[in-house]
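Understanding the architecture of this molecule
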Amino acid sequence: MTSYIARRLLQGALVVVGVITIVFFLVRVSGDPATYFVSLDPDKTPADIQLELVEIRKSLGLDRPVIIQYFLFVQVAIRGDFGNSFRYHIPATRVVLERVPLSLKLGGAAAVIGVGVGLPLGIAAALKRGSMIDSVSTTIAVLGLTVPGFWLGIMLIILFAVKLHLLPAAGSESWRHLILPALTQSAGLMAVVARMGRSGMLEVLGQDYVRTARAKGLSERLVVFRHALRNSMISLITVVGSSIPHLVGTIVIVEVVFAWPGLGSLMMQSVFSRDYPVIMLGVLFMSVITVVVFIIVDVLYAIVDPRIRYR
Amino acid sequence: MAESSTSVRLAESRAIDGRFGLLRGGYVGTFLRNWQGLIGLSLIVTFSLLAIFAPVLAPSDPQEINLAHILAPPAWSDSDRGFGLLGTDNLGRDILSRVIHGSRVSLLVGISATLIGLFVGVPMGLIAGYKGRPLDDIITRFADIQSAIPFLVLLIAILTFIGGGLLNVVIFLGLSGWIGYARLVRGETLSIRTRDFVISARAVGASEARIMFHHILPNVVAPIIIAATLSFGGMILTESALSFLGIGVSASTPTWGRMLAESRQDILSAFGPSLFPGVAIVAVVLGANWTGDWLRDVLDPRLRGSR
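Computed from a prediction, not measured in an experiment: that's the story for all the values here.

Things to note about the overall build of chain A
What chain A contains, in helices and strands, is 13 helices and zero strands. Going from N to C terminus, chain A has its helices and strands arranged as α-α-α-α-α-α-α-α-α-α-α-α-α. In terms of overall dimensions, chain A has a C-alpha envelope of 90 × 55 × 30 Å along the principal axes. Counted over contacts in chain A with a minimum sequence separation of 6, partners at least 24 positions apart contribute 71%.

Structure follows, in structure tokens:
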């Protein structure tokens, strides 16, 4: 088991290095941030502007060939130094680390809601096919995959903040501020979990070992929770794992809609203000989170299904 | 974005087996399924017609500013202040006309981006599955890396830096979607490449390209069409998200995402501008998903009657 995890961690690290390389070149090739930092002064001649551009490029280290920039970047990045934020003029790591806990809080709350509501719904739907709860579960599963997150957010704001005055529309000051964004962010996961929980459970309930368990007189509760549930988790875990990159992406939009000052809204600001060091570090963080979750999923997979453990 | 909902459905297809159909009780289930497929297909056809004939069908110019009717409710809900079938936005523009014209961008981006994903992903999957190592390792590893990139963030960054515009949105969105097809086709190719007809084709001296595209590809078409239909909805969702963030196609073109972004400042005074574009998005994506589910039942014999 340990060597399995170690191998997955190594593969994960290689993936992260690949991500950083691709993102670095794509971002550098797609634009010159220096133009963004030229001060606007109507008295300046084009020659002055050219001179200023050269100086800005030099001060930001953008005057060298991209490939050299890349190696310089990697050289210091390994030591945890990602340079100063172009915008805040403090280390990018500080800017990013300040925002990460808020995003983790939002993502964590959304994961708890998504799995906490979706899984019981999916299982109940499978156990009581064709019932009211089956319809509710199916409807949530359909809507969660078709309703855009930002629109759901706007609708929730109109309903709970504007019409009912129950919850705040934006900000992050208290736990009440967390409810609407977490609900919005959880919708996609809830849909996936409810849908896969239902179909996974249905598949397992038709298996011979479940019939055997029933035939030897086990209580329904024991059959469902001991024999069926664990086996139905296998396909569920796979699908939840594969939807992680998608969830990391949607959190950006949810944070923008609710003015939640996490990593996502920081990334939006940094993109608009061409703050490369912060963009790079933010992307790095998001892909590390993605890769770590992928690894956790693989390990969970091995725990749930002992057949694949030491492969 | 697109990949996840596709992989959900494909994985689900695999997870469900024949017993499911028996449990479901035969005819009623089949009828329900077709009923959903019918609605899904009608939604797609309706929105396609709206997109094609938008200039003829829209009651007024979607960009025409009418300051006499700012944020008017729909005419049927308020006969005094109401204006137009769905009301007007904060510049007095007719929402119905804007929703109709907005379908053009959504469908165009959805279709083109899906096609780009197919054109990259299918050959990659064929090559990876048929040629084996080392090409397989390279393609698979690259797909792993790309799927760990927060692609929406990268899309936002690139499109901001090089400028949005229809072409750029389509290209980068399309390139985000190739992984799903590549993985799907690779898997299918791996299981087909050892079949007798492939071995015979090789024995009579068919070139590798011929084997891949003439012998293997036709056997993978059904799952590809299903996956493409399902990911089409995801592409539309991503496009609307980009437009919502103000990064998509140019501001002079009405898009559903942009309409929703513009509606946000008026949520205290008007409900319509933030409601109807969202309904349009949900309708198209739902249409695509239900059509895809239905195609899956019709086209994939291994799953026939399984849901």
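As for the interface of chain A and chain B
Contacts between the two partners involve 57 residues from chain A and, on the opposite side, 54 residues from chain B. Between chain A and chain B, the buried area comes to about 5000 Å², and carbon and sulfur atoms account for 76% of it. The largest contributions to the chain A side of the interface with chain B come from Phe150(A), Trp151(A) and Arg195(A), which together make up 12% of the buried area. At the junction of chain A with chain B, the criterion picks out one salt bridge. In this structure, Arg195(A) and Asp293(B) form a salt bridge, with 3.8 Å as the shortest nitrogen-oxygen distance. The interface formed by chain A and chain B includes two residue pairs in polar contact (both at pLDDT 80 or more). The greatest single-element share of the side of chain A that touches chain B, amounting to nine residues, is contributed by helix 11 (residues 244-257) of chain A.

Here we look at the pattern of salt bridges
All names here are of chain B. Applying the stated criterion across every chain, the model contains 11 salt bridges over all chains. Its salt-bridge partner being Glu-262, residue Arg-98 comes within 3.8 Å of it at the nearest N-O pair. Of the two residues, Arg-98 sits in helix 5 (residues 95-131) while Glu-262 sits in helix 12 (residues 256-263), which places them 164 residues apart along the sequence. Beyond isolated ion pairs, a larger network of salt bridges with shared partners links Arg-93, Arg-98 and Glu-262.

Scoring rules and cut-offs
- Residues numbered from 1 in each chain as written.
- Chains lettered and ligands numbered in written order.
- Predicted model: local features only at pLDDT ≥ 70, side-chain atom pairs only at ≥ 80, totals over all residues.
- Heavy atoms only, no water.
- Helix = DSSP H or I, 4+ residues; strand = E, 2+ residues; numbered from the N terminus.
- Contact = heavy atoms within 4.5 Å.
- Buried area = accessible area lost by both parts, 1.4 Å probe.
- Salt bridge = Lys/Arg side-chain N within 4 Å of Asp/Glu carboxyl O.
- Polar contact = N/O pair within 3.5 Å; in protein donor to acceptor, adjacent residues only side chain to side chain.

Remember, this is a structural readout, not a statement about activity or role.
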